[in-house]
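As a plain string of letters, each chain reads:
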Amino acid sequence: CVSCKTCHAHALTLGVCASGSTVDSVSCSCNGGYVGNGVGASGCTACASGKYQNGSVCVDCKQCNSHAKRVGSCSIASASDTITCTCNGGFIGDGVTCNECPAGRYQSGQVCLPCKTCDGNATQGTSCGAASSHDSVTCSCNAGYIGDGFVNGTRCTQCNAGTYQSGQACLACKVCDGNASK
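Below or above, wherever it landed, is the structure these notes cover.

What follows is about the packing of aromatic side chains. Counted by the stated rule, this structure contains zero aromatic pairs. The cationic tip of Lys-116 hangs over the ring face of Phe-150; the distance from NZ or CZ to the ring centre is 4.8 Å.

The side chains of a regular strand alternate, first on one face of the sheet and then on the other. Side chains Cys-28 and Cys-30 project from strand E2 (residues 27-30) onto a buried face, and the interleaved Ser-27 and Ser-29 project onto a face without burial. As paired elements, strand E1 (residues 11-14) and E2 share four bridges and run antiparallel to each other. Bridging across to E2, Leu-14 finds its partner in Ser-27.

What follows concerns the pattern of salt bridges. Tallied over the full model, the rule gives two salt bridges. Its salt-bridge partner being Asp-60, residue Lys-51 comes within 2.7 Å of it at the nearest N-O pair. On the accessibility criterion, Lys-51 (26% relative accessible area) is partly exposed. Of the charged contacts, one joins Arg-155 and Asp-119 as a salt bridge, the two residues approaching to 2.9 Å between their closest N and O atoms.

Once that is clear, we can look at the state of the cysteines. With the rule as written, the count across this model stands at ten disulfides. Here Cys-61 engages in a disulfide with Cys-74; their sulfurs sit 1.8 Å apart. Taking the sign of the S-S torsion, about -65° here, the bridge from Cys-61 to Cys-74 comes out left-handed. Placement of Cys-61 in the loop between strand E6 (57-60) and strand E7 (68-71) and of Cys-74 in the loop between E7 and strand E8 (84-87) is noted, with a sequence separation of 13 residues between them. Side by side, Cys-61 and Cys-74 carry an identical accessibility label, which is buried. Free of any disulfide, Cys-173 has its nearest neighbouring cysteine sulfur in Cys-159, separated by 9.0 Å.

The rules we used
- Residues numbered from 1 in each chain as written.
- Predicted model: local features only at pLDDT ≥ 70, side-chain atom pairs only at ≥ 80, totals over all residues.
- Heavy atoms only, no water.
- Phe/Tyr/Trp six-rings, centres within 6.5 Å; stacked < 30°, edge-to-face > 60°.
- Lys NZ or Arg CZ within 6 Å of the ring centre and 35° of its normal.
- Buried < 20%, exposed > 50% of the residue type's maximum accessible area, 1.4 Å probe, protein only.
- Helix = DSSP H or I, 4+ residues; strand = E, 2+ residues; numbered from the N terminus.
- Pairing = 2+ DSSP bridges.
- Salt bridge = Lys/Arg side-chain N within 4 Å of Asp/Glu carboxyl O.
- Disulfide = S-S within 2.5 Å.

Next comes the structure, spelled out in structure tokens:
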């Protein structure tokens, strides 16, 4: 008679060992989060904290960068790492590695793009910080000029002589008659 295998408490038993059989047809497979051959009292060992079972070995769970958001989990009892890491605004990378966009650039998807630039006849209201996920630069044309104020937009154009700036338009100055003073 052949002695049948006894599977560990954290193992799945496959097959049966029939009475009087000359072949042990039992196979043992450790449950998720455990590794080993599954046989006997020491057949399965739990993965340590911060690790998960990947086949027959315990591997480290994904560690997100300090400049990334973590979604999902990785537990000892799992057979997969479901953690996804996404870099914060102003940073690009895979979430495990995140690189900050340089000054004057902002994060758009997986690239750092240059921020808008104000025209020489405009005043910059807000800046575009390196840790930004959008271009937040605002420009305002100086007094006597109209346009959006951006170098790659409607540049600031000076109002003609005899006109003045009113909002986004140049209006004609009023003409006084000879009996009025300015």
